[in-house]
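Below, each chain spelled out in residue letters.
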Amino acid sequence: MIIVDDVHKRYQTDHGPGKWVLKGVTFTIPPRVSVGLIGSNGAGKSTLLRLVGGVDEPNKGRIERHCRVSWPMSFGGGLQGSQTGRQNAKFVCRIHGHEDDIPDRLAYIQAFAEIGDAFDQPVRTYSSGMKARLKFALSLAFDFDVYISDEVTGAGDVAFRKKAAAAFKNLADHASIIMVSHAEGTLRQFCSAGIWMHEGKAHWFDDIEDALKAYKETVLA
Amino acid sequence: MAGIRTPLAVTFSVWKALTLREALSRLFAGRASWFWLLFEPVFHVSYLIFIYTVIRMRTVGGIDVVIWLIAGMLGFFMFRRTATQASNGVGANRALFAYRQVKPVDTVLVRGLLEGVLTAAVACILLCAAALFGHDALPDAPLSVFEAFFGLWLLGLGFGLVMSVVTELLPEVGRIISLVMKPLYVISGVIVPLMSIPQPYRAWLLLNPIAHGLEAARLGFSPYYHAVPELDIGYLYFCALVLIVLGLALHRRFAIRLVTQ
């Protein structure tokens, strides 16, 4: 279960504090419910994911994580370009305290990512789809209760999305995902509930279809 | 994953992982990176030995010029390399802050530690080489030499801790500080014997804690070395401690800002 209570967030700019990105966001994600975050560009979706993932802290309000939450998989970070996929994978295993079974996890990551020989090439040579595959495989190699994905899932091709969705179906009895995506198909494939981000607030919908509908109504209106 | 790891256990595993990846990129990232790591001090030392001996100077302050140069040069590198590597730690590992286990201060500490170990190894290699050429490379008071080098390393670490925050948050100030640090090589007494500088100027130069570290290291090699009489190793440790406390406090205060920028 993840509790987000009255969270406010703004960033420091070169000219003092910026405008509020999140203005009192409150919701509770029950265990084993996969949620899709919907909203226009700049609505604060990635900011919210970073806060839930624990890499940033809110200016006001609190976030409680009563479960193991993955790091936020996003385009920006997580992989060091100068090192190979294998070296990056080893690093992630180590910081998560899995020193003893690195070979098993590496084998799993390599098999799931299906990027072939590129696994031993520097990450800076990867395409965005290959990076997405590696990031997804990396996080699936660990037993999290909640996986956080910031648009990364959409970068993989159809075959990989299918594989990832199937992997999540298998995990469905004990794990869930929180994801940002602009592709409706991907959202429907992975999520049951939806959060619509609008003007610094978050609106919870038990059904992802209702969230999509609410989003479209404001966009088209 | 059996239970929740203690914060200390998480930090140790992060340090271990970071040390391995930093060592890998420091030693093998470029073509023969490890060679240049060793070659830079070797080149500096042999270049200066050549100049000094050509003008027929065999001893400085009563000890072998080769040992005088190696002790001073490596002591100075102990400070400067540690400081430079540590200050760039945050910027170079930006991508890894996506994992909440990794804090900016971890990258700085790990880089400082790694650079200290590598410079110590380089110093040993150089001293062995000097011994092979028939110089008296064995220090008379090894513990004093260690004390001096360790103090210089701590000073470099403290300076790196402070600079890593300053260069990220106030790049202009960072640039000015590194400009001010440029002439350090000359004023720390690496190539100029501080004893040859008259008072009151020597007192001014000795405000610089690095100078104390270098003189102490040379004195550790030979008790007959004419070190500056004002030598105070405690001053070096005091400055290092102040910088480390200040640097850690800055990291504590600006941890979130460093990650989000």
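Structural notes, computed from the coordinates.

Each value, and the rule that gives it
Residues numbered from 1 in each chain as written. Chains lettered and ligands numbered in written order. Predicted model: local features only at pLDDT ≥ 70, side-chain atom pairs only at ≥ 80, totals over all residues. Helix = DSSP H or I, 4+ residues; strand = E, 2+ residues; numbered from the N terminus. Rg over C-alpha atoms; globule rule 2.2 N^0.38 Å. Contact = placed C-beta atoms within 7 Å. Nonpolar A, V, L, I, M, F, W, Y, C, P; charged D, E, K, R; others polar. Pairing = 2+ DSSP bridges. Axes fitted to C-alpha atoms, helices over the stretch in contact; angles between N-to-C directions.

## Focus on the overall build of chain B
Phase 1 of the analysis: For chain B, the helix and strand inventory stands at 11 helices and 2 strands.
Phase 2 of the analysis: Computed over the C-alpha atoms, the radius of gyration of chain B is 20 Å, within 12% of the 18 Å expected from 2.2 N^0.38 for a compact globule of 261 residues.
Phase 3 of the analysis: Projected onto the principal axes, the alpha-carbon positions of chain B cover approximately 65 × 40 × 30 Å.
Phase 4 of the analysis: A sequence separation of at least 24 residues applies to 77% of the contacts in chain B between residues at least 6 apart.

## Quick look at the overall build of chain A
Phase 1 of the analysis: Along its length, chain A carries 7 helices and 9 strands.
Phase 2 of the analysis: For 221 residues, the compact-globule formula gives about 17 Å, and the C-alpha radius of gyration of chain A, at 18 Å, lands near that figure.
Phase 3 of the analysis: Each of the three principal axes of chain A carries a C-alpha extent, and together these read 50 × 40 × 30 Å.
Phase 4 of the analysis: The contacts of chain A with a sequence gap of at least 6 include a subset with a gap of at least 24, amounting to 65%.

## Some thoughts on the interface of chain A and chain B
Phase 1 of the analysis: Taken residue by residue, the interface counts 22 residues in chain A and 24 residues in chain B.
Phase 2 of the analysis: Looking at the side of chain A that touches chain B, the elements that each hand over two or more residues are strand 1 (2–13), strand 5 (69–73) and helix 2 (85–95) of chain A.
Phase 3 of the analysis: If you tally residues by element for the side of chain A that touches chain B, the top one is helix 2 of chain A, at 4 residues.
Phase 4 of the analysis: For the side of chain A that touches chain B, the class distribution of residues is 7 nonpolar, 11 polar and 4 charged.

## Here we look at the sheet that holds strand 8 (residues 193–198) of chain A
Residues and elements named next belong to chain A.
Phase 1 of the analysis: Read from one edge to the other, the open sheet built from 6 strands follows the order 5-6-7-3-8-9, with strand pairing classed as mixed. The open sheet is flanked by strand 5 and strand 9 (201–205), the only strands paired with a single partner. If you compare each strand with its neighbour and ignore which way they point, the axes differ by 15° on average.
Phase 2 of the analysis: Pairing geometry for strand 3 (residues 35–38) and strand 7 (residues 176–180), over 3 bridges, is parallel. Paired with V35 across the two strands is I178, which belongs to strand 7.
Phase 3 of the analysis: Where helix 7 (residues 208–220) meets the sheet, it contacts strand 3, strand 8 and strand 9, and its direction lies at approximately 20° from that of strand 8.

## Thoughts on the sheet that holds strand 1 of chain A
All names here are of chain A.
Phase 1 of the analysis: Reading across the sheet, the 3 strands line up as 2-1-4 and stay open at both edges, with antiparallel pairing between neighbours. Since the sheet does not close on itself, it has two edges, and those belong to strand 2 (16–29) and strand 4 (60–65), each with one partner. The sheet shows a mean angle of 30° between the axes of neighbouring strands, taken without regard to direction.
Phase 2 of the analysis: Sheet topology places strand 1 next to strand 2; 9 bridges connect them, and they run antiparallel. Bridge pairing in strand 2 links Q12 to P17.
Phase 3 of the analysis: Contacts between helix 1 (residues 45–53) and the sheet are confined to strand 1, strand 2 and strand 4, with strand 1 contributing the most and set at about 120° to the helix.

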